[in-house]
Amino acid sequence: MPAAQTIRMSVQNMTCASCVGRVERALSALEGVSEVGVNLASETAQAQIDGPGRVSEMIATLDKAGYPARTQSVRLNVESMSCASCVGRVDKALEAVPGVVDVNVNLASETATVTFAEGAVELADLLKAAADAGYPAEPAEDTLTEDRSARKQGEAREMARKTALAAAFALPVFVLEMGAHLVPGAHDLIGRTIGHDTSWMIQFVLTTIVLVWPGRAFYTKGFPALFKGAPDMNSLVAVGTSAAYLYSVVALFAPALLPETSRAVYFEAAAVIVVLILLGRWMEARAKGRTGAAIQKLLGLQARTARVLVDGEPQDVPIERIRTGDILVVRPGERIAVDGEVTDGGSHVDESMITGEPVPVSKDAGDPVTGGTVNGTGSFQFRATRVGADTTLAQIIRMVEEAQGAKLPIQGMVDRITLWFVPAVMAVAVLTVIVWLLVGPSPVLSYALVAGVSVLIIACPCAMGLATPTSIMVGTGRAAEMGVLFRKGDALQQLTGVDVVAVDKTGTVTEGRPELTDMVLAEGFERAEVLGLVAAVEAQSEHPIADAIVRAARAEKAPRHEVEGFESITGHGVRATVAGREVLVGADRLMTREGLDIGALADAERRLAEQGRTALFAAVDGRVAAVIAVSDPVKPASAAAIRALHDLGLKVAMITGDKRETADAIANETGIDHVIAGVLPDGKVAALDELRAGGKRVAFVGDGINDAPALAHADVGIAIGTGTDVAIESADVVLMSGDLRGVVNAFEVSTRTMRNIRQNLFWAFGYNVALIPVAAGVLYPVFGLLLSPVLAAGAMALSSVFVLTNALRLRRVRPAMDEAEKLRPVATLSAAPAE
């Protein structure tokens, strides 16, 4: 079975939650397409597909459903093509890129024109596919995709133009009709001057222009959807305004068909409704453009060109042409183009836009650099290691986009309601008209029309569809600016239900860079001898403790030895033969397992552990030779972050492989509530289950390879971004900063975003529940109040604008640690874990 691929494309014509439901159902019905998610705010659809061929089927299905996917074309200059076979290979390679719809390769001009679904393909993906096939390509011209914000700004400008045009024609209609009712003497003035028939004729002409010109889209989209049995927001507007318009046309041109008491025109209602809804959509388009502000800021961090050494000479080249292995030159103050490793020179680099840490980081030969960060006053050269979609910045952007397109569990309730909402509203409108015709006062037909049209207009479910996705987009985007990446959007909701935060110790609570502090020798052994033997073994290990011992041996110039037969004993320690002698290094359980007596050194090991150090035993040729103690400093932010988590009502637990004494020392130092110590790497999952007792929900924070199973098993996995790729891939949330402050900020963003979503849903549903009966006329028998269709249109437009504006407030969320508590100094000695 082919491996599943994720495809994401931009979808047109979605205006409300009903549209979202129809797009999801249409795509979900396709064979080989699964996990469909549709986002109204970003106007995108995301799905898992079993092969590139499904893309064309998805596009065809969307087109048939009335929601065509946006496509783009790019023209590439292709090298090395010499015959028709080359054309076929290039064609096949480009067509295999997920998201590509059509490829046209021209041998004579040595070009390829590629059409692809907007949002599904990056230019770098096409260039890589061509190069991998043996035919290097480059853009024939500047064909980079116009970003979504620019497109939304263009749409907003177009909607503003339509709104102004519609308002210009609708204003005279409104003045002629409503002025006659509201301004004393205006009715008689119109009758004495142009006459009421002429007034109605002028209103007819101007309203017709409004409906067929700026308002045309409501009818060209709404009626086809209605006839397909899938009415949407446009259908409600189309039916409502058409009813008012046609009733008025009959009253004007065939008055005999209506009872004399019902001869009135509602041209102003049809015209002003169109104006108000266009106004609402203009404001929506402007607000939607701002929901993606975080993505635009991230995109703005990408360099456009870089200086690459070509035959020893630096040349400015577009970033798309940089390949892995290229040597790049970075001058003072320049933005680094791609990820790489410094080969020559040195400088300090501002990485705050990636990690959130304000202090520039020193970079010398061998150090990694990250694309998007800014060089300081030095200059250096570096080798590109990750380019295009593989760079850290590109992955961050991709994570944010995927999180913004996620569907939260709460959205499922909205979807179930909106599936039947529009048809139900149309049924309510029909019922409203029937009831008014049966029991309404004279002129019964006019009252029935006003009530029916008001129900149709006021019930447009735009606000329902926008309530959740806009908050997710803004919330996850703001979180990214704070260094918190939600890899899975539903983690936003899951975090609010967490009761316990479990943390790994090394690299999470502590710095993860322990130092050798003590060596207590058994009788008959010398420090330099033992340290040299132990360091030789530990040099084969990647554990932080091993690094501390090796660094100490180098500093003390201990003897160096060759190593044979190295063996790592998971959860216990390591074994090897060094200079012909058998050496064991590990926890007391390793000595016990091997039958070695720790005897005289047991008290020293216990004393060191009580001081917050990690104590390991070293044995040489079957005799315990020394107790070696290392200490890992607690990160300055850990204690303050744990206090902040307590303030949020959360319990904090620490899971570690260290001995109980060492773990308790750190817990006392930082305020951790519960400690699970002596845990082997494969025991962290069981430890999480222990913390879940009583139905508690647990978030786990870690950074190492051995944390990956626990990160995946926790209700919410939070990875420290300075950790391993394996840990990050297993997590739901990634913290770009290297300490626990990011955990507090993640909870802050989650809480604020979910509160914002609930506010939006309350407004959206409450608005409809409250005003549909009012529009239907339930207040008329008691208070004589009947909602005008014009007021209904204004209220409908206002509801969507309110939801979007409320969501945009999340852009002002501040990092919780900055607001809640400044960091207080903590003790610098703590501990590191056992192997």
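In this text, all values refer to a predicted model and were calculated from it rather than measured experimentally.

## Brief notes about the pairing of strand β24 (residues 651-655)
A regular strand carries its side chains on alternate faces of the sheet. The element β24 is extensively covered by neighbouring structure, given that four of its five residues are classed as buried. Note on the crossover from β24 through helix α24 (residues 660-670) to strand β25 (residues 674-676): the handedness is right-handed.

## A look at the nonpolar core
Leu-126 and Phe-486 are the most contacted members of the largest nonpolar core, which has 161 residues in total. Top contributing element to this core by residue count: helix α28 (residues 741-776), with 14 residues. With residues near it in sequence (within four places) discarded, Phe-486 still touches Met-399, Ala-403, Thr-476, Ala-479, Ala-491, Leu-492, Leu-495, Asp-732, Val-733, Ala-746 and Val-749. Judged by nonpolar contacts, the second largest core, of 42 residues, contains Met-519, Val-534, Ala-558 and Ala-618.

## A word on the sheet that holds strand β22 (residues 614-620)
Taking strand neighbours across the sheet as the criterion, the six strands line up as β18-β23-β22-β21-β20-β19 in an open arrangement whose pairing is antiparallel. A strand with exactly one partner marks an edge of an open sheet, and here the two such strands are β18 (515-521) and β19 (563-569). The mean angle between the axes of side-by-side strands here comes to 20 degrees, regardless of whether they run parallel or antiparallel. Here six bridges tie strand β20 (residues 573-578) to strand β21 (residues 581-586), and the two strands are oriented antiparallel to one another. Looking at the pairing, Ala-576 lines up with Val-583 of β21. Running at roughly 75 degrees to β18, helix α20 (residues 544-555) makes contact with β18, β22 and β23 (623-631) of the sheet.

## A look at a nonpolar patch on the surface
A contiguous nonpolar surface patch, about 590 Å² in accessible area, is contributed by Val-430, Leu-431, Ile-434, Val-435, Leu-438 and Val-439. Of note, Leu-438 is situated in helix α14 (residues 409-439). Among the residues examined, Leu-438 registers a relative accessible area of 68% and is labelled exposed.

## Some thoughts on a positive patch on the surface
Together, Arg-755, Arg-758, Arg-809 and Arg-812 give the surface a local cluster of positive charge. Its place among the elements puts Arg-758 in helix α28. On the accessibility criterion, Arg-758 (46% relative accessible area) is partly exposed.

## Some remarks on the packing of helix α7 (residues 196-212) against helix α9 (residues 233-253)
Orientation of α7 relative to α9, taken along the N-to-C sense of each, is 150 degrees, at an axis distance of 11 Å. One element, α7, and the other, α9, form an angle in the roughly antiparallel class. Every pair of crossing elements has a handedness; the one defined by α7 and α9 is left-handed. From α7, Asp-197, Trp-200, Met-201, Phe-204, Thr-207, Thr-208 and Leu-211 reach across to α9, where they touch Tyr-245, Val-249, Ala-251, Leu-252 and Phe-253.

## Overview of the confidence of the model for the protein chain
Mean pLDDT over the protein chain stands at 83; residues scoring 70 or higher make up 88%. Looking over the protein chain, one finds the lowest element-wise mean pLDDT in helix α31 (residues 816-820), namely 56, and the highest in strand β10 (residues 327-330), namely 95. Low confidence marks residues 142-146, where pLDDT is under 50. Its contacts with residues over four positions away, or in another chain, come to eight contacts. Confidence drops under a pLDDT of 50 for residues 819-835, and excluding neighbours within four residues, the segment shows 71 contacts in the predicted structure.

## Some words on the sheet that holds β24
Strand order in the open sheet formed by seven strands is β16-β28-β27-β26-β17-β24-β25, with mixed pairing between adjacent strands. Taken across any chain shown, the strands that pair with only one partner, and hence form the sheet edges, are β16 (484-486) and β25. The average angle at which neighbouring strand axes cross in this sheet is 20 degrees, direction not considered. Both strand β26 (residues 698-702) and strand β27 (residues 716-720) contribute to a ladder of four bridges, which runs parallel. Along β27, the bridge assignment pairs Phe-700 with Gly-717.

Reading guide: rules and limits
- Residues numbered from 1 in each chain as written.
- Predicted model: local features only at pLDDT ≥ 70, side-chain atom pairs only at ≥ 80, totals over all residues.
- Heavy atoms only, no water.
- Buried < 20%, exposed > 50% of the residue type's maximum accessible area, 1.4 Å probe, protein only.
- Helix = DSSP H or I, 4+ residues; strand = E, 2+ residues; numbered from the N terminus.
- Right-handed = clockwise from strand over helix to strand, strands pointing away.
- Core = buried A, V, L, I, M, F, W, Y, C linked by side-chain atoms within 4.5 Å.
- Contact = heavy atoms within 4.5 Å.
- Pairing = 2+ DSSP bridges.
- Axes fitted to C-alpha atoms, helices over the stretch in contact; angles between N-to-C directions.
- Patch = residues over 30% accessible without salt bridge, like charges linked within 9 Å, V, L, I, M, F, W, Y side chains within 5 Å.
- Areas by Shrake-Rupley, 256 points an atom, 1.4 Å probe, with all protein chains shown as cover.
- Salt bridge = Lys/Arg side-chain N within 4 Å of Asp/Glu carboxyl O.
- Lys, Arg positive; Asp, Glu negative; His and termini not counted.
- Charge placed at Lys NZ, Arg CZ, Asp CG, Glu CD.
- Parallel < 35°, antiparallel > 145°, perpendicular 65-115°, else oblique.
- Left-handed = near helix turned anticlockwise from the far one by under 90°.
- pLDDT = per-residue confidence, 0-100.

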